[in-house]
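Below are the chains, spelled out letter by letter.
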Amino acid sequence: MTKAAVATEIGQAVMPKMIKKSELPTKTCATCGLPFAWRRNWAKNWNDVKFCSDRCRQDKNMPKSN
């Protein structure tokens, strides 16, 4: 029996495996075009996240001009 199975059987919480930041999902910001990675506070609405920061969200009507 594994340690996780034993801990679950006796009612202890089991910590999930650590995930490297490079393995997290990424998206491209709709305003600045830079890639950004998943954050814990976006976990519930990751599908709706379009901007990398509050500043980009506020400037959403002004796309970056090159």
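Residues numbered from 1 in each chain as written. Predicted model: local features only at pLDDT ≥ 70, side-chain atom pairs only at ≥ 80, totals over all residues. Heavy atoms only, no water.

1. Overview of the overall build of the protein chain
For the record, the criterion: Secondary structure elements follow DSSP: runs of H or I of four or more residues count as helices, runs of E of two or more count as strands, with numbering from the N terminus. Using a 1.4 Å probe on the protein chains alone, a residue whose accessible area is under 20% of its type maximum counts as buried, one over 50% counts as exposed, and one in between counts as partly exposed. Residue contacts are counted whenever heavy atoms from the two residues lie within 4.5 Å of one another. Calculation of accessible area relied on Shrake-Rupley with a 1.4 Å probe; when residues are assessed, cover is drawn exclusively from the protein chains displayed.
If you tally the helices and strands in the protein chain, you get two helices and two strands. Put simply, the protein chain runs from its N terminus to its C terminus through helices and strands in the order α-β-β-α. Split into buried and exposed, the 66 residues of the protein chain put 18% on the buried side. Long-range contacts, defined here as pairs at least 24 residues apart, represent 16% of the contacts in the protein chain between residues at least 6 apart. Accessible area for the protein chain stands at about 6200 Å²; split by element, carbon and sulfur atoms hold 53% of it.

2. Topic: the state of the cysteines
Quick note on the threshold: Disulfide assignment relies on a single distance test, namely cysteine sulfur atoms paired within 2.5 Å.
As enumerated under the stated definition, the model contains zero disulfides in all. C29 takes part in no disulfide bond, and the closest cysteine sulfur to it belongs to C32, at a distance of 3.6 Å.

3. Some words on the nonpolar core
Rules: To qualify as a nonpolar core, a set must consist of buried Ala, Val, Leu, Ile, Met, Phe, Trp, Tyr and Cys residues joined through side-chain atoms within 4.5 Å.
C29, F36, W42, W46, V49, F51, C52 and C56 together form the largest nonpolar core, which totals eight residues. Not counting the four nearest positions on each side in its chain, V49 is found in contact with K27, F36 and W42.

4. Looking at the packing of aromatic side chains
Both the distance between ring centres and the angle between the ring planes are used here to describe each pair of aromatic rings. Selection rule: For this analysis, a ring pair means two rings from Phe, Tyr or Trp (six-membered ring only for Trp) whose centres lie within 6.5 Å, classed as stacked if their planes differ by under 30 degrees, edge-to-face if by over 60, and tilted for the remaining angles.
Per the counting criterion, the structure on display carries three aromatic pairs. With a centroid separation of 6.1 Å and an interplanar angle of 75°, the aromatic rings of F36 and W46 are classed as edge-to-face. Remark: W46 occurs in the loop between strand 2 (35-37) and helix 2 (54-58) and F36 occurs in strand 2; sequence separation between them is ten residues. Its relative accessible area of 13% is what places W46 among the buried residues. Here a set of aromatic residues connected by ring pairs shows up, and it is made of F36, W42 and W46.

5. Observations concerning the pattern of salt bridges
Basically, it comes down to this: Note on definitions: salt bridges are taken to be side-chain nitrogens of Lys or Arg within 4 Å of carboxyl oxygens of Asp or Glu.
By the definition in use, this model includes one salt bridge. Between R57 and D54 there is a salt bridge whose closest N-O contact spans 3.0 Å. Of this pair, R57 and D54 both sit in helix 2, three residues apart, which is roughly one turn of the helix.

6. A short note on the environment of V49
Among the secondary structure elements, V49 is positioned in the loop between strand 2 and helix 2. Taking the C-alpha atoms as reference points, V49 and K27, separated by 22 residues in sequence, lie 8.7 Å from one another.

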